[in-house]
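# Fold and geometry: a report
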Amino acid sequence: MATEPLFHLTTRDHAVLQALFDAHRGPHGPYLLLLEQKLRGSALAFSDDIPADVVTLGSTIAYTVDGTPAGPHLLVEGEAPEAGVSVLSLRGLALLGLSEGAAAIVDPGDGASQTLRVVKVLSQPEAAARGRTGDAGAGGGAVVSFRPRAARPAF
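Residues numbered from 1 in each chain as written. Predicted model: local features only at pLDDT ≥ 70, side-chain atom pairs only at ≥ 80, totals over all residues. Heavy atoms only, no water.

A few words on the overall build of the protein. Per the secondary structure count, the protein includes four helices and seven strands. For the protein, the α and β elements follow one another from N to C terminus as β-α-α-β-β-β-β-α-β-β-α. Restricting the contact set of the protein to residue pairs at least 6 apart, pairs at least 24 apart contribute 57%. Carbon and sulfur atoms form 57% of the exposed surface of the protein, whose accessible area is close to 9,500 Å². (Helix = DSSP H or I, 4+ residues; strand = E, 2+ residues; numbered from the N terminus. Contact = heavy atoms within 4.5 Å. Areas by Shrake-Rupley, 256 points an atom, 1.4 Å probe, with all protein chains shown as cover.)

Moving on, we come to the packing of helix 1 (residues 11-23) against helix 2 (residues 30-41). The geometry of helix 1 relative to helix 2 is characterised by a closest axis approach of 10 Å and an angle of 140° between their N-to-C directions. Relative to helix 2, the element helix 1 lies oblique. For the element pair helix 1 and helix 2, the recorded crossing hand is left-handed. Together, His14, Leu17, Gln18, Leu20 and Phe21 of helix 1 and Tyr31, Leu32, Leu35, Glu36, Lys38 and Leu39 of helix 2 make up the contact between the two elements. In terms of residue class, the contact of helix 1 with helix 2 is built from seven nonpolar, two polar and two charged. (Axes fitted to C-alpha atoms, helices over the stretch in contact; angles between N-to-C directions. Parallel < 35°, antiparallel > 145°, perpendicular 65-115°, else oblique. Left-handed = near helix turned anticlockwise from the far one by under 90°. Nonpolar A, V, L, I, M, F, W, Y, C, P; charged D, E, K, R; others polar.)

What follows concerns the pattern of salt bridges. Counted according to the given criterion, the structure contains three salt bridges. Here Arg12 and Asp13 are joined by a salt bridge, their closest N and O atoms 3.7 Å apart. With relative accessibility at 46%, the residue Arg12 sits in the partly exposed group. A salt bridge links Arg12 to Glu77; its shortest N-O distance comes to 3.2 Å. Placement of the pair is Arg12 in helix 1 and Glu77 in the loop between strand 4 (68-76) and strand 5 (84-86), with a sequence separation of 65 residues. Taking relative accessible area as the criterion, Glu77 reaches 38% and is therefore assigned partly exposed. A cluster of three or more residues bridged by salt bridges with shared partners is formed by Arg12, Asp13 and Glu77. (Salt bridge = Lys/Arg side-chain N within 4 Å of Asp/Glu carboxyl O. Buried < 20%, exposed > 50% of the residue type's maximum accessible area, 1.4 Å probe, protein only.)

Once that is clear, we can look at helix 2. Across its 12 residues, helix 2 extends 16 Å between first and last C-alpha, which sits within 8% of the 16 Å expected from 1.5 Å per residue. Along helix 2, the residues classified as buried are Tyr31, Leu32, Leu34, Leu35, Glu36, Lys38 and Leu39. In this structure, the buried residues of helix 2 make contact with strand 1 (8-10), helix 1, helix 3 (90-95) and strand 6 (103-106). (Expected span 1.5 Å × (residues − 1).)

What follows deals with the side chain of Thr64. Locating Thr64 in the fold gives a position in strand 3 (residues 60-65). Among the residues examined, Thr64 registers a relative accessible area of 15% and is labelled buried. Not counting the four nearest positions on each side in its chain, Thr64 is found in contact with Pro69, Ala70, Thr115, Leu116, Arg117 and Val119.

This next bit is on the confidence of the model for the protein. Detailed reading of predicted coordinates is not advised where the pLDDT is low. Of all residues in the protein, 81% have pLDDT values of 70 or greater, and the mean over the chain is 83. The lowest-confidence element of the protein is helix 4 (residues 125-133), averaging 79 in pLDDT; the highest-confidence one is strand 3, averaging 95. In the model, residues 135-145 has pLDDT below 50 throughout and makes five contacts with residues more than four positions away in sequence or in other chains. (pLDDT = per-residue confidence, 0-100.)

Here it is in C-alpha cells:
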C-alpha cells in the first residue's frame, strides 16, 4: 500500500537540508533524526511545481503549537529574526515541507512532545515568483515558438 509523503520540499530546500546533514558534527539526537527523515521521505518538486500551501524556506506561516497559535513567522535558513523561526531549530525543521492543515509531532528528547500544525501559508517565495512571471500551468505563461530551420551545408 502506497502512502503520500508527509513532507514536500523544493529541490533548493532539499539541498539546504543535505548541506546541514553533511556539516552536522553534533550528537545523533532528535534534530538529526528528523533531518534524516526529511531527506529520505520527502517528495521533491521544482520551485515552479511546489503547491502554494506548502511551507518552504522564506515562507511566512501561521501555525499552532499544541493548539496554541504561533506566528506569523518567517521560516529562515540561518539565525532567525525576531518574527522568525529557523530551520536550524527542531521547530523550524519540523514545519518545513508541511502543507496547510498538516501536523508534525516533535520530541526534543526529553519526552515532552509537541504537535505543530500549519494553519496558513501567508506567503511563499515560489508562489510569489510564479505570480510575477505568470504561471505557465494555468495558461498565463509565454509560449515560445520553435520553427524548423533549413539545414546548413557541412564544410
